[in-house]
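# Chain and residue survey
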Amino acid sequence: MKHIALIAENLYKTYGKGNTVVHALNDVSLTLHAGEIAALLGPSGAGKSTLLTSLGLIQQPDSGKIIIGNETVFNDGYKTDIRAFRRNHIGFVFQKANLLPFLSAVDNVRLAMEINDVSGKAAKKKAEELLAKFDLSERKNFMPKELSGGQQQRVAIARALANTPELLLADEPTAALDSVMGRKVMELLKQVAHEHNTGVLVVTHDHRAIDVFDRIYVMEDGKIKAPF
Ligand SMILES: Nc1ncnc2c1ncn2[C@@H]1O[C@H](COP(=O)(O)OP(=O)(O)OP(=O)(O)O)[C@@H](O)[C@H]1O
Ligand SMILES: [Mg+2]
């Protein structure tokens, strides 16, 4: 049996009330296996970012259930210390790399581990290994402003993986990149999913790299329309 990275069941999230009410999540269920990379497609306003931030325990759905790894983290309310859980089990990649500008590439990755009490030496070694894997060894001591957009985004992915999360969530990670670098970053995410046995869910408008995905979810009006 395949291990499960994520199960979402019957998630609902409503913004506003009265005649400004928006049903951003309207009975959303999805599954992501460990080692699988899935795309989340859909038009603007479909609810993709709301779903991702809900799954990432950044914002609270109104109701439903979220299981990450084998822990029920949300069941009509949080069931765990979400800040600790997020730090230990979930990685995020956003449209912009959002690296800390006053830290080098390697120190950006290290910091993510040191927050989690991984000691200086071990954190440095792991950070260097991750950057090497992403072809950034020669740039490890560069400051973010000295790196290209694609390089910064690869550092951000390395940082997101620093604590070996079961779940990696990415919201339009290639939107700011050209198509060649965009594809590279998507392929890197796939490699990460397969090698680290991480479940990776990627919101994307980028149809040029769509063949990278093991599974595709399409969202519209707060609902999952079609899992392929
Ligand atoms: N904080 C908020 N308050 C009120 N409405 C919100 C809020 N955040 C999102 N919405 C609404 O919820 C719906 C879903 O928004 P969401 O950001 O999840 O869409 P999306 O699929 O990520 O869109 P895009 O592709 O443009 O990023 C939209 O109609 C949006 O207007
Ligand atoms: Mg969005």
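In this numbering scheme, every chain counts its residues from 1 along its sequence in written order. Just so you know, chain letters begin at A and ligand numbers begin at 1, following the order they were written in. Since the coordinates come from a predicted model, pLDDT governs what is reported: local features require at least 70, and pairs of side-chain atoms require 80 or more to be given and counted, while whole-chain, interface and lining totals use all residues. As a rule here, side-chain values cover all heavy atoms of the structure and leave hydrogens and water aside.

## Overview of the sheet that holds strand 5 (residues 71-75)
Put simply, the rule reads: For two strands to count as paired, DSSP must find a minimum of two bridges between them. Put simply, DSSP H or I for four residues or longer makes a helix, DSSP E for two residues or longer makes a strand, and each gets a number counted from the N terminus. Geometry is summarised by axes, namely lines fitted to C-alpha atoms with helices restricted to the contacting stretch, and by angles between N-to-C directions that run from 0 to 180 degrees.
Read across the open sheet, the 4 strands follow the order 2-1-4-5; overall the sheet is antiparallel. Each having just a single partner strand, strand 2 (22-33) and strand 5 make up the two edges of the open sheet. Recorded for the sheet is a direction-independent mean angle of 15° between the axes of neighbouring strands. With 5 bridges connecting them, strand 1 (residues 4-15) and strand 4 (residues 63-68) associate as antiparallel partners. Paired with A8 across the two strands is I66, which belongs to strand 4.

## As for the site of ligand 1
Filter applied, for reference: The criterion for a residue being near a molecule or strand is simple. One of its heavy atoms has to lie within 4 Å of it. We define a polar contact as two N or O atoms separated by no more than 3.5 Å, with the added condition that, inside protein, one atom must be a possible hydrogen donor and the other a possible acceptor, whereas residues neighbouring each other in sequence contribute only through side-chain atom pairs. Calculation of accessible area relied on Shrake-Rupley with a 1.4 Å probe; when residues are assessed, cover is drawn exclusively from the protein chains displayed. Under this grouping Gly is polar, as are all residues other than the nonpolar Ala, Val, Leu, Ile, Met, Phe, Trp, Tyr, Cys and Pro and the charged Asp, Glu, Lys and Arg.
Residues in close proximity to ligand 1 total 13 residues, the closest being S44, G45, K48, S49 and T50. At 2.9 Å, a backbone N or O of G45 approaches an oxygen atom of ligand 1. Protein chains bury 58% of the 640 Å² of accessible surface belonging to ligand 1 in isolation. At the level of elements, strand 2 and helix 1 (48-55) are the ones that each hand at least two residues to the shell around ligand 1. Top contributing element to the shell around ligand 1 by residue count: helix 1, with 3 residues. The residue inventory of the shell around ligand 1, partitioned by class, reads 5 nonpolar, 6 polar and 2 charged.

## What about the pattern of salt bridges?
What counts here: We define a salt bridge as a contact between a side-chain nitrogen of Lys or Arg and a carboxyl oxygen of Asp or Glu at a distance within 4 Å. Between buried and exposed lies partly exposed: a residue is buried under 20% and exposed over 50% of the maximum accessible area for its type, with that area taken using a 1.4 Å probe on protein chains only.
Scanning the entire structure with this criterion turns up 10 salt bridges. Of the charged contacts, one joins E187 and R183 as a salt bridge, the two residues approaching to 3.0 Å between their closest N and O atoms. Linking E187 with R183, this pair stays in helix 6 (residues 179-196), spanning 4 residues, or about one helical turn. E187 gets classed as partly exposed once you look at its relative accessible area, which sits at 37%. Here R183 falls in the partly exposed class, since its relative accessible area comes to 27%.

What is shown is where atoms sit, not what they do.
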